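# Secondary and tertiary structure notes
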Amino acid sequence: MKRRITLKINGKVYSHEVEPRMLLIHYLREVVGFTGPHIGCETSICGACTVALDEKIVKSCTMLAVQADGREVLTIEGLASNGTLHPVQEAFWNEHALQCGFCTPGMIMASKQLLERNPRPTDEQIRHALEGNLCRCTGYQHIVNAVRTAASRMGA
Amino acid sequence: MSMATTVTKAETLVGRRLRRKEDPRLITGTATYVDDIQMPGMHYAAILRSPHAAARIRSLNVQPALDHPGVAAVFTGADVAGVGPVPCGASLPGLRVPAHSVLARDRVYFVGHPVAVVVATDRYVAADALDLIEVEYQPLPAVANPEKALEPGAPAVHPEWPDNLAFTYHQEGGEPDRAFAEADVVVRQRIISQRLIPTAMETRGVVADYRGAEKSLTIYSSTQIPHLMRSLVAQMLGLAENRLRVITPEVGGGFGSKLNVYAEEALMGFVAMKIGKPVKWIESRRENFQCTIHGRGHVDYYEIAARKDGAVLGLRLKLIQDLGAYHQLLTPAIPTLSVLMMPGLYKFRNVSADILGVFTNCVPTDAYRGAGRPEATHGVERMMDLLAAELRMDPAELRLLNFIGADEFPYATATGLSYDSGNYAEPLKKALDLVDYHRLREQQQQAKASGRLVGIGISTYGEICAFGPSPATPAGGWESATVKIEPSGAVTVMTGASPHGQGEETTFAQIAADELGVPIEDVIVVHGDTAIVQYGIGTFGSRGTAVGGPAVYYALQDLKAKILKFGELLLESSDVTFSGGVCTCNRTGKTVTLAQIAAASYRAMKLPPNTEPGLVATHFWEPPNFAFPFGAHIVVSEVDPETGQVEIKRYVAVDDCGKIINPLLVDGQVHGGVVQGLGQALFEQAVYDQDGQLVTGELMDYAVPKATMVPWIESDHTTTPSPVNPLGVKGVGEAGTIGCSPAVVNSVVDALGHLGVRHLDMPLTPEKLWKLIQAGGQA
């Protein structure tokens, strides 16, 4: 039995009939077409699927689409406004905080939330906040640099 | 034609820390990976895999799955009898190559072995139907440990070869027996380089789309080698090679695990041709751990011979390679790379190595970041520390004493290589200075005196990369480039290398922009589509820039010669210089821009003598030798006696990768490489139980380093250009991984040396070290 869900994604309202078992990540990627968040593990470990749900990040691979009914989702695609990159996106670019880019959408979403909660994090706090997001390419050092520089940019 | 002052470029782009051209799509979520591809009528495949490490398939009933609504087809081993075997590209004398069907026939050989494929209109339905297939297995004895597999009476992985030996290989140089007989000291050690799971963040995935009327198949695959894959999959499917197009979209990491041709790539092509609809298969993480190649898997027995003054005389190695159940593309070749690099940076004139390639009921091993060289470096660098301990010498002094001299290059090694260039003492001395080594040793003694377990570990590594001269590689070892200047003057570089995160869209644009004197924004780099890009080899073995870069460089030289001819024609002068993006007549000072030249070359109202219209050049570059980067890594670690936890207090890496095109990107490669080495040293291990079940089957059980688990890496460089290529570059993709693990282990052994610990096998988990400390150093 399909169920109708209505939710706001990146500022726009969407409404679809979905199977109750459909994962939020599959809904976002395959029904609505936001392929920015990725599927890396299906067990909530890697964080490639990280999106914000009512301004709080979640792993969308272990959440059902019906659980997002009536709520508001922000994906990586909704981060830049009017063609201007979010400071975290800009910092990831400037600091070479990505290589293959697969973890990047989730990594940026997690970094953004950290800076909203803690505008001046220490390196240790940055690493702790990103513990739920795996990167196999960068060794994390440039990611830490990026979050630190984004913090100073946003605080300026 | 306008008069202009001569343009002189203030500085080159090569050598600058430029942010990447590929990043805008990646940071906005608009890049296209395989799983992002959707097509009208697309079907989804799910693969039934063996839960047993060894079993006979007694019966297989797919009818219940076929009857399930939404299922379009189910295929089993019998259906794919016409599909060729999964290819092994390596050859060794006497190599036993098991028949490797894309789906199991009557027997399965490892957990995860593909048995059947279900194709449905929806990925959820495909997964549902998978559960409806009825298979009756007769489990058979399995063996998952390579040393156990060599024991008499061990279960035979392949019944036709009861000794489980796929091959033996012997290589020696000099007079190793004499060296050992004349040695003052001989040190022996068994050293394990454990099985690792590459764990690219993007799992593998394939989309196949067949157009029956054209008899043309397009395969989208997350691969490092689109052209080689096309050649091999076309053979498997019996397709003409020009009817198969391989597109490599964005690739979410490879690390060697996508330097392969997998069953699923041909299988999806087969399915698409059968059902006449596009089909997608995306590997789950569990499948990725069970079925994508693993790396390492060595048990090494080393012997080192030396004089009592520390001069090394000889090195012997018995290398037991866990191959897994089959050969993937390069499986049996990987341990031969370990043998080639076993002398490391030292003057070993007498070496001997024996490889035993052993079948086990596990997924095959193959190239994983470093591919044979991390194992070799770990071995020789552990042995140097063991020798230093035996002789009570400082490990840094022992290394400096035995390095090949800076004046000895090119240096012919006892394993038949010619090291291109080097100054091995320089990075070690720089690293020792950076840590203030002598003071650090004093501080360590003070810390130890107060009961703290502080250690200092040194690793000096050499690496064979830039694969490689064609006669020394299984496929061609060259790389190709085409540079096109469009009629507007815009520049397109097409590289046969298939970068997937390394950043060649930027570094190759830097090279092209410098050579042509145009803004980097005017250059785009295209790769990963066999219908667009000329044949190429791919990205692996730290070859992208070191072999692909020179191909771009030489194509640009050809183009520049042609540009000059058009410049001479348009300026009506034979005294013309091309520089800074304009041709200038040296007598009159008149200039024509590259855009004007490009337009004229395509308009072709007049042509220079013996010159074709247009500005396109292709170059296939064959490297005359490998390149050999090197470096020194120093680790300061402290072990918590209460928990066994290792804390890396300091990580200093001084790498020499020749000339650097983009220091920002090199830093990224070093950091990422070091952390993969650190993963092996401290955290990661693919664990199979005695029945061949993969215990570390998900990311929940396999410890990929997280941001909190890794240290700050202090990265520095020395620069010894390679004479092998015109750019002077070497390669840096694997260096960090190769240099890291022995530095970490040497530091921890050093921290625990006073307990009598002389060797530790990886990973150095808290549990392992805690038990050791509790037992007073007795393993």
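About the criteria used
Residues numbered from 1 in each chain as written. Chains lettered and ligands numbered in written order. Predicted model: local features only at pLDDT ≥ 70, side-chain atom pairs only at ≥ 80, totals over all residues. Domains from an automatic or database assignment. Contact = placed C-beta atoms within 7 Å. Helix = DSSP H or I, 4+ residues; strand = E, 2+ residues; numbered from the N terminus. Pairing = 2+ DSSP bridges. Axes fitted to C-alpha atoms, helices over the stretch in contact; angles between N-to-C directions. Nonpolar A, V, L, I, M, F, W, Y, C, P; charged D, E, K, R; others polar. Buried ≥ 20, exposed ≤ 12 C-beta atoms within 10 Å, placed from the backbone. Expected span 1.5 Å × (residues − 1). Right-handed = clockwise from strand over helix to strand, strands pointing away. Arc of directions from axis to C-beta. Parallel < 35°, antiparallel > 145°, perpendicular 65-115°, else oblique. Left-handed = near helix turned anticlockwise from the far one by under 90°.

## Brief notes about the domain arrangement of chain A
The figure often quoted for interface size is the accessible area lost as the parts come together. Residues and elements named next belong to chain A. Under the domain assignment, chain A is made up of domain 1 (3-78) and domain 2 (87-155). The straight-line distance from the C-alpha centre of domain 1 to that of domain 2 is 22 Å. Residue-level contacts link 14 residues of domain 1 with eleven residues of domain 2. Sort the elements by how many residues they give to the side of domain 1 that touches domain 2 and strand β3 (residues 50-53) lands first, with three residues.

## So, the sheet that holds strand β29 (residues 713-717) of chain B
Residue and element names in this part refer to chain B. Strand order in the open sheet made by the four strands is β19-β27-β28-β29, with mixed pairing throughout. The outermost strands of the open sheet, each flanked by one partner alone, are β19 (453-462) and β29. When strand polarity is set aside, the average angle formed by the axes of neighbouring strands in this sheet is 15 degrees. Pairing analysis gives ten bridges linking strand β27 (residues 630-639) to strand β28 (residues 646-656), with the strands arranged antiparallel. Within β28, the position partnered with Val-636 by the bridge is Arg-650. Contacting β19 and β27, helix α13 (residues 437-449) runs over the sheet at an angle of about 145 degrees to β19.

## A short note on the domain arrangement of chain B
All names here are of chain B. What the domain assignment reports for chain B is domain 1 (2-31 + 478-621), domain 2 (34-140 + 203-251 + 258-291) and domain 3 (298-468 + 625-774). With centres defined by C-alpha atoms, the gap from domain 1 to domain 3 works out at 39 Å. Contact residues are listed per partner, giving 21 residues for domain 1 and 21 residues for domain 3. The set of elements that each furnish at least two residues to the side of domain 1 that touches domain 3 consists of α14 (504-516) and α15 (544-571). Considering every element that reaches the side of domain 1 that touches domain 3, the biggest residue donor is α15, with six residues. Looking at side-chain class alone, the side of domain 1 that touches domain 3 contains eight nonpolar, ten polar and three charged residues.

## Some words on the environment of Gly731(B)
All names here are of chain B. Considering the arrangement of structural elements, one finds Gly-731 in the loop between β29 and α18 (735-752). The class for Gly-731 is buried, based on 27 C-beta atoms found within 10 Å. Sequence spacing of Gly-731 and Ile-275 is 456 residues, and the spatial spacing of their C-alpha atoms is 44 Å.

## Regarding helix α17 (residues 663-683) of chain B
A rise of 1.5 Å per residue sets the reference length of α17(B), with its 21 residues, at 30 Å; its end C-alpha atoms lie 29 Å apart and thus fit the reference within 8%. Buried residues dominate α17(B), accounting for 18 of its 21 residues.

## Section: the pairing of strand β12 (residues 244-247) of chain B
Residues and elements named next belong to chain B. With four bridges connecting them, strand β11 (residues 216-221) and β12 associate as parallel partners. The partner of Ile-219 across the bridge, within β12, is Val-246. Considered for its hand, the β-α-β crossover made up of β11, helix α6 (residues 226-237) and β12 is right-handed.

## Section: helix α12 (residues 425-435) of chain B
Residues spaced three or four apart along an α-helix point in a common direction, a consequence of the helix completing one turn every 3.6 residues. Residues and elements named next belong to chain B. Within the sequence span of α12, burial applies to Pro-427, Leu-428, Ala-431 and Leu-432. End-on view of α12: buried residues confined to an arc of 135 degrees, all on one side of the axis. Buried residues belonging to α12 abut α11 (395-402), α13, β19, β27 and β28. One or two steps after α12, the chain reaches Asp-436, where phi turns positive at roughly 55 degrees.

## Thoughts on the packing of helix α10 (residues 373-391) of chain B against α18(B)
Residues and elements named next belong to chain B. Running from N to C, α10 and α18 point in directions that differ by 30 degrees, and their axes come no closer than 8 Å. Taken as axis vectors, α10 and α18 run roughly parallel relative to one another. Once α10 is placed against α18, the crossing between them reads as right-handed. Every residue of α18 that contacts α10 at Arg-373, Pro-374, Thr-377, His-378, Glu-381, Arg-382 and Asp-385 is listed here: Thr-737, Ile-738, Ser-741, Pro-742, Val-745, Asn-746 and Val-749. Its residues assigned to classes, the contact of α10 with α18 shows five nonpolar, five polar and four charged.

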